[in-house]
Amino acid sequence: MTDVVNPERWDRLTSRWYSRRPIHRYIHRDKVERLLRVLEPGDTVLDVGRGGSVDGVLGVMAAARGHDVLICVPHEEQARVVRRFAAENGVAVHVSVTPIQELDQLLTRYDKVFALHILEHVDDFGAALAALRRRTAGQLVVGLPTCLNPAVWCRLGGGDPYAFGAGSVRSLLRGALRVALARVQGYPGVDENVVEMSVPLRHRWLFPRRMRTTLSDAGFRVDAFRPDGVVLPWFDRLIPLSRRLDALAFLPLLRDLGFGSHAVLTPVP
């Protein structure tokens, strides 16, 4: 019997991974491609999700490259979505309904553990990091939203970063002002209120330096810090320029300018 997939949850994944908007698609697909470069041959992988839009995609793509992967999601509805996505890509994966708060139920530690855009939504950031640490035999990769990218400013200003319109410049300037004020006032970032599956959530876009400091203070060495993508808003023809910038993102000037960022971490004894 085929699992019945919640159409709204399936649409959330496909609207991003298969988006008709090239910039939107670039953000998600190229981010996963860059993250897969963290893996070494033979690595075992744990991909921990929160039930969000593209949970499990990285795990599926890692399994397609021959890695032994476990994907954890918090509810069966999302597990069905991941299984369907894996099947459509011709990949067999192990999916467990295990929320991040219950990771200690797992008995295995993994060479690489991924927690992408989940920690900004948990009630207890420290406890969630500690749970991920206990499952990490090698390195933990954490992805969080960061706010020094112009496409992010457009979004924080109430605009659409994927298509230019009458209010696009105003939204970018408004978002940039919000970020500047947060920096002057000493805030860790800028909060955005979002609704996912009819559930209101706070979505905090952090300053990259604050992200690194928070992770270091939690007992991790930051081995690498990279942008998820140095994305430019509105114009699809600028994607080749974004690709060039992403190739140079090892430079200090560019590494903090991502539409989100990820840190490769090693637990400190």
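Our subject is the structure listed above.
Here the structure is a predicted model, which is why all the values come from computation and not from measurement.

Undergrad: Pulling in residues and values, what's your account of the packing of helix 3 (residues 57-64) against helix 4 (residues 76-88)?
TA: Packing of helix 3 against helix 4 leaves a shortest axis separation of 10 Å and a crossing angle of 35°. Pair helix 3 / helix 4 crosses with right-handed handedness. Across the interface between the two elements, Val57, Val60 and Met61 of helix 3 pack against Val82, Phe85 and Ala86 of helix 4. Tallied by class, residues from the contact of helix 3 with helix 4 come to six nonpolar, no polar and no charged.

Undergrad: Describe empty space enclosed by the protein, with residues and values.
TA: All told, the structure shown has one cavity of 30 Å³ or more when counted by the stated rule. Put simply, the largest cavity is a space of about 30 Å³. As for the largest cavity, its lining consists of Ile23, Tyr26, Val231, Leu232, Phe235, Leu238, Ile239 and Ser242. Broken down by secondary-structure element, the contributors of at least two residues to the lining of the largest cavity are helix 2 (22-36) and helix 9 (239-247). In terms of residue class, the lining of the largest cavity is built from seven nonpolar, one polar and no charged.

Undergrad: Can you explain the packing of helix 2 against helix 3? Please cite residues and give values.
TA: For the pair helix 2 and helix 3, the least separation of the axes is 10 Å and the interaxial angle reads 55°. Overall, the two elements helix 2 and helix 3 adopt an arrangement that is oblique. Note that helix 2 runs across helix 3; the crossing there is right-handed. Residues Val32, Leu35 and Leu36 of helix 2 form the contact with helix 3, whose own contacting residues are Val57, Leu58, Met61 and Ala62. By residue class, the composition of the contact of helix 2 with helix 3 is seven nonpolar, no polar and no charged.

Undergrad: Break down the environment of Thr136 for me, with residues and values.
TA: As for its position among the elements, Thr136 is in strand 5 (residues 136-144). For Thr136 and Asp111, which are 25 residues apart along the polypeptide, the C-alpha to C-alpha distance reads 6.4 Å. With sequence-adjacent residues up to four places away left out, Thr136 is seen in contact with Arg109, Tyr110, Val113 and Pro267. Only 2.7 Å separates the side chain of Thr136 from the backbone oxygen of Leu132, close enough to count as a polar contact.

Undergrad: An account of the sheet that holds strand 3 (residues 94-97) is needed here, citing residue identities and associated values.
TA: Taking strand neighbours across the sheet as the criterion, the seven strands line up as 3-2-1-4-5-9-8 in an open arrangement whose pairing is mixed. Every other strand in the sheet has two partners, leaving strand 3 and strand 8 (220-227) as the edge strands with one partner each. Pairwise comparison of adjacent strand axes, ignoring direction, gives a mean angle of 20° for this sheet. Of the strands in this sheet, strand 5, strand 8 and strand 9 (261-267) touch helix 8 (residues 208-217), which is tilted by about 155° from strand 8.

Undergrad: Explain the environment of Glu76 to me, using residue names and the numbers behind them.
TA: Along the chain, Glu76 falls in helix 4. It is 39 Å that separates the C-alpha atoms of Glu76 and Leu245, two residues lying 169 residues apart in sequence. The residues touching Glu76, leaving out its near neighbours within four places in the chain, are Arg83 and Val97.

Undergrad: Can you explain unusual backbone geometry? Please cite residues and give values.
TA: The phi dihedral of His117 falls on the positive side, at around 55°, and the residue is not glycine. A positive phi angle, close to 80°, is found at Trp234, a residue other than glycine. Mapped onto the secondary structure, Trp234 falls in the loop between strand 8 and helix 9. Judged by its relative accessible area of 13%, Trp234 is buried.

Undergrad: Residue-level account of the pattern of salt bridges, with values.
TA: Enumeration according to the criterion identifies 15 salt bridges in this entry. Residue Glu77 is joined to Arg9 by a salt bridge in which the shortest nitrogen-to-oxygen separation is 2.8 Å. Separated by 68 residues along the polypeptide, Glu77 in helix 4 and Arg9 in helix 1 (residues 7-17) bring together distant segments of the chain. In the salt-bridge network here, residues are joined through shared partners; they are Asp104, Arg134 and Arg135.

The rules behind these values
- Residues numbered from 1 in each chain as written.
- Predicted model: local features only at pLDDT ≥ 70, side-chain atom pairs only at ≥ 80, totals over all residues.
- Heavy atoms only, no water.
- Axes fitted to C-alpha atoms, helices over the stretch in contact; angles between N-to-C directions.
- Helix = DSSP H or I, 4+ residues; strand = E, 2+ residues; numbered from the N terminus.
- Left-handed = near helix turned anticlockwise from the far one by under 90°.
- Contact = heavy atoms within 4.5 Å.
- Nonpolar A, V, L, I, M, F, W, Y, C, P; charged D, E, K, R; others polar.
- 1 Å grid on protein atoms, 1.4 Å probe; cavity = no way out; pocket = protein on both sides within 12 Å on 5 of 7 lines; lining within 4 Å.
- Points joined across faces, edges and corners; volume = space filled by probe spheres on them.
- Parallel < 35°, antiparallel > 145°, perpendicular 65-115°, else oblique.
- Polar contact = N/O pair within 3.5 Å; in protein donor to acceptor, adjacent residues only side chain to side chain.
- Pairing = 2+ DSSP bridges.
- Buried < 20%, exposed > 50% of the residue type's maximum accessible area, 1.4 Å probe, protein only.
- Salt bridge = Lys/Arg side-chain N within 4 Å of Asp/Glu carboxyl O.

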